[in-house]
Amino acid sequence: MAKCRSLIFHIVTLFLCLALLLAGCARMQDVTETDEPADTPEATAKETPAPEITPTPVPNPDAGLTESMVSDYFYRNYPDMTLLDCFIEDFDRDGHEEALAVAGFGDEISGFYILRYRNGDLVQVGDMAGNDSGYAIEHVEPVRMNGSNKIYIHAALTNFVNLYGFSLYALDGDEIRLLVTSASPTGVGDDGLLDLEDDGVYEGYYQHRWSYDVYYYPVFSTYLWKDGEFVPDICRIELPDYPDSIEDTIHEYLILSILDLDHCREADDRLAMLFTGDPGKAPELHLDAIAGALFNDIMELDDGLNLKVSRKGNQATARMSVADTDGTGYAYTFHLVKMDYGWSIKSIE
C-alpha cells in the first residue's frame, strides 16, 4: 500500500514539472516576439534617401518673380552694390511683374532699378533712377495714387537737417519717368505726399516753405492728383502787418509778384492793396533780374534794387535799377500814394 502511494506521488510530481516547463517556454516565446522591433534598420534606410541624392527644385519660368532671383541678379551684375530692399509688383499693370530694387553701398541708398521678368529672365529697364535730386534718399517704396490702378515709385528725400521732400516716378514702357520732384532748393522745407482719406492711397502732395526761397514768408500749398498730373489746390501764406514804408511796400509787392502763388486769397488780397492802379497799364517786370537784387536788399547786401525815393506829401516816386546775369540793365519808376492803410502803388513806368 505504501509503495502504491509513493508511485502515485512520483507520477503527479513528474506531470507538474512538465507543465511548469512548458509554461516557461511559452512565456519566453511571447517576450521575444513582443520585444522584436517592427521595422528593421534595412527597411528604415530604404524609406529615407541619403541627403546627397535629395532632389533639387528646378525654377519654373511660370512660377513668378521672387526676391531671391533679384538678389542673384545683383550678385552677378552689381557685385559691389548692396540690395537694400526689394518690392515685387505689376507696376504698369501690363499683366507681368516687375521688381523695384533699392540699391546702395553699405546702408546708404544710391537709387533704384526696375527689373522686368519675362520668360524666366530678368531684364533691366533703363539706368539707375532716384539719384537726380541732389539730396540723400531716405527710403524708396511703391505707392498708389488716387484714381489710378498703376503702382508708382516714391523716393523720400532729405538733407538730414531741415529738408524733407520727395520724387515720384512711373514705369512708362521702357522708361522710368519722373513725374515730380518737390524739395526746396534752399535745404529748408517740408514737402510730402498727401493722404487725405488716411487709407494709404495718396490724393496729392503738400509743400511747406519758410526760408529765403519764399523771402521768409511761410507758405503752405497743396497740389491734387487729377488725370495723371498734379494741379494747384489751395495755398496759405503768413503775411506780416501791412508795410509802413515806401521801400517795404515796393519790396512786398515784388515778393508776392515773384512768388506768383496760385489759389492764395491772402496773397491776392494783399496785392490788391499794394497796387491800386490799372493792372493793364503796368509794364511787364523782368522778375528774374529783380529776384536776386530784391534778396540782397532784404538781407542788406550789396547789388540790391538801388531804390531812389522822393516824397511830396501823400505822393511819392521811387526809381529802381537792376541788371540780369548777362549784364542787361532794367529801370523802373514806381508812383505811390498814401492810403488810409499805408502806401500803395498807383502806376509803374
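Residues numbered from 1 in each chain as written. Predicted model: local features only at pLDDT ≥ 70, side-chain atom pairs only at ≥ 80, totals over all residues. Heavy atoms only, no water.

Draft legend 1. Layout of the sheet that holds strand S4 (residues 121–129). Taken in spatial order, the four strands of this open sheet run S1-S2-S3-S4, and their pairing is antiparallel. The open sheet terminates on both sides in strands that have one partner only, identified here as strand S1 (82–89) and S4. Going across the sheet, the axis of each strand differs from the next one's by a mean of 25 degrees, ignoring polarity. Pairing of strand S2 (residues 98–105) with strand S3 (residues 108–118) involves eight bridges; the strand directions are antiparallel. The residue bridging Gly104 from the neighbouring strand is Ile109, located in S3. Its contacts with the sheet put helix H3 (residues 67–77) on S1, S2, S3 and S4, and the angle it makes with S1 is roughly 140 degrees. (Pairing = 2+ DSSP bridges. Helix = DSSP H or I, 4+ residues; strand = E, 2+ residues; numbered from the N terminus. Axes fitted to C-alpha atoms, helices over the stretch in contact; angles between N-to-C directions. Contact = heavy atoms within 4.5 Å.)

Draft legend 2. Spotlight on a nonpolar patch on the surface. Taken together, the side chains of Tyr212, Tyr216, Ile298, Met299 and Leu301 define a hydrophobic patch exposed on the protein surface, amounting to about 440 Å² of accessible area. Turning to its location among the elements, Ile298 is positioned in helix H6 (residues 287–298). (Patch = residues over 30% accessible without salt bridge, like charges linked within 9 Å, V, L, I, M, F, W, Y side chains within 5 Å. Areas by Shrake-Rupley, 256 points an atom, 1.4 Å probe, with all protein chains shown as cover. Salt bridge = Lys/Arg side-chain N within 4 Å of Asp/Glu carboxyl O.)

Draft legend 3. Up close: helix H5 (residues 265–274). Looking at H5, one finds that the buried residues are Ala267, Arg270 and Leu274. Each buried residue of H5 lies within a common arc of 70 degrees when the element is viewed along its axis, so the set occupies one face. (Buried < 20%, exposed > 50% of the residue type's maximum accessible area, 1.4 Å probe, protein only. Arc of directions from axis to C-beta.)

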